[in-house]
Number of protein chains: 2
Amino acid sequence: MAYHSGSYTGGYAPSAPPVPDSQGSPQQHQPYPPPNYYYGAQSSYGSHGHSGFPPGTHPEVIRSFQMVDKDRSGFIDESELQQALSSGYQRFSLRTIRLLMFLFKNPNDSLRIGPKEFAALWSCLGQWRAIFERFDRDRSGKIDATELRDALYSLGYAIPPSVLQVLISRYDGGSGRKVELNFDSFVECGMIVKGLTEKFKEKDPRYTGSAMLTYDTFMSMIIPFLVS
Amino acid sequence: MAYHSGSYTGGYAPSAPPVPDSQGSPQQHQPYPPPNYYYGAQSSYGSHGHSGFPPGTHPEVIRSFQMVDKDRSGFIDESELQQALSSGYQRFSLRTIRLLMFLFKNPNDSLRIGPKEFAALWSCLGQWRAIFERFDRDRSGKIDATELRDALYSLGYAIPPSVLQVLISRYDGGSGRKVELNFDSFVECGMIVKGLTEKFKEKDPRYTGSAMLTYDTFMSMIIPFLVS
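All of these numbers come straight from a predicted model, not from anything done at the bench.

Visitor: Looking at this model, I keep getting lost on the relation of the copies chain A and chain B. Mind explaining?
Guide: Both copies of the chain are related through a single rotation about an axis accompanied by a shift along the same axis. Screw-axis analysis of chain A against chain B gives a translation of 0.0 Å along the axis, an RMSD of 0.0 Å, and a rotation angle of 180°. Interpreted geometrically, this transformation is the action of a two-fold axis. Relative to the rotation axis, the C-alpha of M212 of chain A is the closest in chain A, positioned 2.1 Å from it. The residues that chain A uses at the interface reappear at the interface of chain B in 100% of cases, marking a shared surface.

Next up, the structure:
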């Protein structure tokens, strides 16, 4: 099977251990949630802290959310999410933002996310940033296909090389030239792999590596990923 | 099962019968391949006419291809395809062009298509144009969700309403407002549904409506659709 048995906790980025090596990061000055935050965010995922944020949420995360939630509705839409994340990370493409919105929003909710989901997303991105920097060995701010494969593997995803090639070709602008991904594209790639793998695992609860899918299920699993 | 047994020939647009009702089309002045062309293109699919086009290929199709194949390589890339199709149809978005390229190119070939594939694509678009116009009852040049559902059904695809909703939401720019699709978006939607359904059917040769998929197969089936 393609995803190794160790992959499941790793696969859920919010529950993955924080990666130490984010030293020397160009983003270093920016607020990364403290390690205990990850567990805070996760263990209290069901509960509500003040303002709807899980206890232990880094104040910067709350600030970033409230800064864009101007009407204090407690929810932000995709353009507000784009703005909120740029304070802690960078300005992500709308394509990536839509995918993040889809993957992190409450499934029963429309196209908006609240404090809990925002905190979980911020935490996930913090770890992915650290992983990106760990595999961006020359600190170029970009990673190539091999580094992406290693990075995805460290997140618990072992995808077929042929799939990786097609996935990467998405970023060569049809040129066929060697691709290097910035953090935005890395997050998009990673979230696609993570999201599809999680979907598949729902249908393969005993991790046999195979799943029986009806046509309706198959289509319903995939189409949302085409929306971004 | 979601796709009805009548759907298979309908699903393969190039082998579907030409749709009569393309009268009153705004595109009427533009060259549609004559009906016998469809069968010509299909029955002689394995053979090569002069210049690599199937016998019976409409001269306008050959002209459109050769007009952009400036180096006479016999192959065109995505931007050339975009240009070639604008003569017979319209300027499609690069996103749609990439999907068409992926679905129609020779699987063993890189990101380029030759005469045979171009002829098949042109033929397919001719029929989809006719179907679009048949369901665009008010001739607005746009179709709504219900009309899309009916149009896809007439092509042989019965997709779950929930899937259709998500698919359509792709075109509302996150506004959540009622969506109307132009021909470009219709082709993109339709090709996604067609492509994914054909992929699924490969794994469900007896059309039971269910398929056993490995993780690798699942990922390999889907990722290409995210490239466009």
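Let's pick the thread back up.
Visitor: When you look at the environment of A84 of chain A in this model, what are you seeing that I'm missing?
Guide: Secondary-structure assignment places A84 of chain A in helix 4 (residues 78–88). In this structure the C-alpha to C-alpha distance between A84 of chain A and L226 of chain A, which are 142 residues apart in sequence, comes to 24 Å.

Visitor: How should I be thinking about the nonpolar core in this particular structure?
Guide: Counting 121 residues, the largest nonpolar core has L85, F118 and F186 of chain A together with L85, F118 and F186 of chain B as its most contacted members. In this view, F186 of chain A contacts W128, I131, F132, I143, L148, A151, L155 and L181 of chain A; residues no more than four positions away in its chain are not counted.

Visitor: Could you clarify how one ought to interpret the interface of chain A and chain B in this entry?
Guide: Accessible area lost upon the coming together of the parts is a frequently used measure of interface size. On the chain B side, the residues contacting the 39 residues of chain A number 39 residues. Across the chain A to chain B interface the summed buried area is about 3400 Å²; carbon plus sulfur atoms make up 74%. Together, Y215, F218 and L226 of chain A form the three largest contributors to the area buried by chain A at its contact with chain B, with a combined 22%. The interface formed by chain A and chain B contains six residue pairs in polar contact (both at pLDDT 80 or more). The element best represented in the side of chain A that touches chain B is helix 10 (residues 215–227) of chain A, accounting for 12 residues. Both strand 3 (residues 210–214) of chain A and strand 3 (residues 210–214) of chain B contribute to a ladder of five bridges, which runs antiparallel. Counted as the bridge partner of L213 of chain A is A211 of chain B from strand 3 of chain B.

Visitor: It is not clear to me how the side chain of E80 of chain A should be interpreted in this structure. Could you clarify?
Guide: Residues and elements named next belong to chain A. Within the secondary structure, E80 sits in helix 4. This buried residue, E80, is left without a salt bridge; K70 holds the nearest opposite charge, at 6.3 Å. Residues contacting E80, with those up to four places away along its chain left out, are V68 and F75.

Visitor: Just checking my understanding: could you explain the packing of helix 4 (residues 78–88) of chain B against helix 5 (residues 94–104) of chain B for this structure?
Guide: Helix packing geometry: the angle between the two helix axes and the distance between the axes. Residue and element names in this part refer to chain B. Close contact between helix 4 and helix 5 brings their axes to 10 Å; oriented N to C, the two are set at 105°. Classified by the interaxial angle, the pair formed by helix 4 and helix 5 is roughly perpendicular. For the pair helix 4 and helix 5, the contacting residues are E78, L81, Q82 and L85 in the first and L94, I97, R98, L100 and M101 in the second. Counted by class, the contact of helix 4 with helix 5 contains six nonpolar, one polar and two charged residues.

Criteria and cut-off values
- Residues numbered from 1 in each chain as written.
- Chains lettered and ligands numbered in written order.
- Predicted model: local features only at pLDDT ≥ 70, side-chain atom pairs only at ≥ 80, totals over all residues.
- Heavy atoms only, no water.
- Least-squares fit on C-alpha atoms with pLDDT ≥ 70 in both.
- Contact = heavy atoms within 4.5 Å.
- Helix = DSSP H or I, 4+ residues; strand = E, 2+ residues; numbered from the N terminus.
- Core = buried A, V, L, I, M, F, W, Y, C linked by side-chain atoms within 4.5 Å.
- Buried < 20%, exposed > 50% of the residue type's maximum accessible area, 1.4 Å probe, protein only.
- Buried area = accessible area lost by both parts, 1.4 Å probe.
- Polar contact = N/O pair within 3.5 Å; in protein donor to acceptor, adjacent residues only side chain to side chain.
- Pairing = 2+ DSSP bridges.
- Lys, Arg positive; Asp, Glu negative; His and termini not counted.
- Salt bridge = Lys/Arg side-chain N within 4 Å of Asp/Glu carboxyl O.
- Axes fitted to C-alpha atoms, helices over the stretch in contact; angles between N-to-C directions.
- Parallel < 35°, antiparallel > 145°, perpendicular 65-115°, else oblique.
- Nonpolar A, V, L, I, M, F, W, Y, C, P; charged D, E, K, R; others polar.

In short, shape yes, function no, at least from these values alone.
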